[in-house]
Amino acid sequence: MKMTFRWYGPKDPVTLDMIRQIPGMTGVVTALYTIPVGQVWDLDSILALKKQVTDAGLEMEVIESVPVHEEIKLGSDKRDALIDNYIQTIRNLAKAGVKVICYNFMPVFDWVRSDLHYNTKDGSNCLAYSQEQIDAIDPKKQSLSLPGWDESYTKEELQNLLKRYEAVDEEKLFDNMVYFLKRLMPVCEECDVKMAVHPDDPPWSLFGLPRIVRDEAHLDRLFSAVDSKYNGLTLCTGSLGADRNNDLVKMAAKYAKMGRVHFLHARNIKFTNTEEGHMFFHESPHPTECGSLDMYGILKALHDNGFEGYTRPDHGRNIWGEERRPGYGLYDRALGATYLYGVWEAIDKSSK
Ligand code: DNO
């Protein structure tokens, strides 16, 4: 397991120097944030980014994310040219030594939360999700104000996009994803770059839009439809774990054994309602006992099934007065990294 940290580029207040001082850190996971979705990432820009990272004594072997254009997810006649661009980006990233690309196939919205500053009892605050609050939003009728939503679209663009997705059900989205991956695979195999899809967060349909990377049945179908180890997974525990029916220890063991887990997003969440269902959860410190997910069990399952991929501590809370990008401050993620490192060392040494 290689420990990494997400870095949002030169403007990130969490600097490379800070990241380097976290014990066990080998590299950062980053992206070129200034290139519009759909355009080729040119080699010079990639190499310039890499130089900043390596000058700071870190590696840049994972990209999160190369975003997939909506026309590809919609399967429109514009997709082939956009997939050509994606392929060229993969080739350029490979030349810079990138090994894994994290991406998602969620229509329109990436991760969704109802609160970015949910106050917990210990005085920290964190990201939270309330189904009731999300259900009260109808993006087709009202202008959208979702925490974390970056307003990439004008109101009209969003309405048009949502309208176009009315013709895309789960099956169609799945076909479009398979089409995309089948075109990528020969290049990934040639360049040795692994695709690692990020699960839907949360892993169920939102606002009537289809979401298909959400449980074991959907992942099995995806992995057999495009049967290459280069078609793999970012095992995001907090995303998949939000559905209590997902047995993460089992899934970690199964997909690691298949050689499909290339990247681990390690994060714990706590359900605070006692009823079954997806009504409310907030993010919690990484250790098992702090949340509802068996973090130890997941790491052990990965370890025992040969996981050798990259890991990063996912979202941290705001603690010690820190007020940085929600989920992506320094302190709690650094604590998370150290916890993950320690658990991994213990599992590894005690298994020899
Ligand atoms: C949220 C992240 C996601 C992830 C993308 C991958 O904190 O885990 O935004 O980067 O879904 O494409």
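These remarks concern the structure in this document. (Residues numbered from 1 in each chain as written. Predicted model: local features only at pLDDT ≥ 70, side-chain atom pairs only at ≥ 80, totals over all residues.)

**A closer look at the overall build of the protein**
Per the secondary structure count, the protein includes 12 helices and 12 strands. For 352 residues, the compact-globule estimate of 2.2 N^0.38 gives 20 Å, and the C-alpha radius of gyration of the protein, at 19 Å, lies within 12% of that figure. Each of the 352 residues in the protein was classed as buried or not, and the buried ones make up 41%. Counting only contacts in the protein whose residues sit at least 6 apart along the sequence, the fraction spanning at least 24 positions is 71%. (Helix = DSSP H or I, 4+ residues; strand = E, 2+ residues; numbered from the N terminus. Rg over C-alpha atoms; globule rule 2.2 N^0.38 Å. Buried ≥ 20, exposed ≤ 12 C-beta atoms within 10 Å, placed from the backbone. Contact = placed C-beta atoms within 7 Å.)

**As for helix α2 (residues 43-55)**
Compared with an ideal rise of 1.5 Å per residue, which puts 13 residues at 18 Å, α2 spans 18 Å between its outermost C-alpha atoms and is within 8% of the ideal. A positive phi of about 85 degrees marks G57, the residue just after α2. (Expected span 1.5 Å × (residues − 1).)

**As for the sheet that holds strand β3 (residues 59-64)**
The 8 strands are arranged β1-β2-β3-β4-β7-β8-β9-β12 in a closed barrel whose pairing can be described as parallel. Averaged over all neighbouring strand pairs, the angle between strand axes comes to 30 degrees, with direction disregarded. Relative to strand β12 (residues 310-313), strand β9 (residues 261-266) is paired through 4 bridges, and the arrangement is parallel. When the bridges of β12 are listed, L264 appears paired with T311. (Pairing = 2+ DSSP bridges. Axes fitted to C-alpha atoms, helices over the stretch in contact; angles between N-to-C directions.)

**Considering the sheet that holds strand β5 (residues 115-119)**
On the basis of which strands lie adjacent, the open sheet formed by 4 strands has the order β5-β6-β11-β10 and antiparallel pairing. Strands at the two margins of the open sheet, each flanked by one partner only, are β5 and β10 (268-271). The mean inter-strand angle of the sheet, taken between neighbouring strand axes irrespective of direction, is 40 degrees.

**Focus: the site of the ligand**
Taken together, E64, S65, C102, Y103, N104, D110, W111, H198, H265 and G327 form the complete shell of residues around the ligand. Top element by residues in the shell around the ligand is strand β4 (residues 100-104). It accounts for 3 residues. Split by residue class, the shell around the ligand holds 3 nonpolar, 5 polar and 2 charged. (Near = placed C-beta within 6 Å. Nonpolar A, V, L, I, M, F, W, Y, C, P; charged D, E, K, R; others polar.)

**A word on the environment of M18**
Checked against the element boundaries, M18 lands in helix α1 (residues 16-20). The sequence separation of M18 and G342 amounts to 324 residues, and the corresponding C-alpha distance is 20 Å.

**Topic: unusual backbone geometry**
Look at the link from E64 to S65: it is a cis peptide, with omega at -5 degrees. The residue S65 is located in the loop between β3 and α3 (70-74) in this model. The omega angle of the peptide bond from D201 to P202 is 0 degrees, so this bond is cis rather than trans. Locating P202 in the fold gives a position in the loop between β7 (194-198) and α8 (216-225).

**Regarding the nonpolar core**
In this structure, I101, A252 and L302 are the most contacted members of the largest nonpolar core, which totals 83 residues. Those residues within four positions of A252 in sequence are excluded, and the remaining contacts are L235, I298, A301 and L302. (Core = buried A, V, L, I, M, F, W, Y, C linked by C-beta atoms within 7 Å.)

**Side note on the packing of helix α10 (residues 248-257) against helix α11 (residues 295-304)**
Following both chains from N to C, one finds α10 and α11 inclined at 15 degrees, their axes separated by 8 Å at the closest point. With respect to each other, α10 and α11 are oriented roughly parallel. Classified by chirality, the crossing of α11 by α10 is right-handed. Note on element contacts: α11 touches α10 through G297, I298, A301 and L302, opposite L248, V249, A252, A253 and A256. Residue composition of the contact of α10 with α11, grouped by class: 8 nonpolar, 1 polar and no charged. (Parallel < 35°, antiparallel > 145°, perpendicular 65-115°, else oblique. Left-handed = near helix turned anticlockwise from the far one by under 90°.)

**Re the pairing of β7**
Walk down a regular strand and you will see the side chains alternate between the two sheet faces. Taking burial as the measure, the 5 residues of β7 include 5 buried ones, the bulk of the element. Two elements, β4 and β7, share 5 bridges in a ladder whose sense is parallel. Bridge pairing links C102 to A196 in β7. As paired elements, β7 and strand β8 (residues 231-236) share 3 bridges and run parallel to each other. Bridge pairing in β8 links M195 to N231. Note that the unit made of β7, α8 and β8 has a crossover that is right-handed. (Right-handed = clockwise from strand over helix to strand, strands pointing away.)

**Things to note about the packing of α11 against helix α12 (residues 331-350)**
Running from amino to carboxyl end, α11 crosses α12 at an angle of 50 degrees, the nearest separation of the two axes being 10 Å. With respect to their mutual orientation, α11 and α12 come out oblique. Every pair of crossing elements has a handedness; the one defined by α11 and α12 is right-handed. Counting all contacts with α11, which are made through Y296, L299, K300 and H303, the residues of α12 involved are V343, W344, I347 and D348. Grouping the amino acids of the contact of α11 with α12 by side-chain chemistry returns 5 nonpolar, 1 polar and 2 charged.

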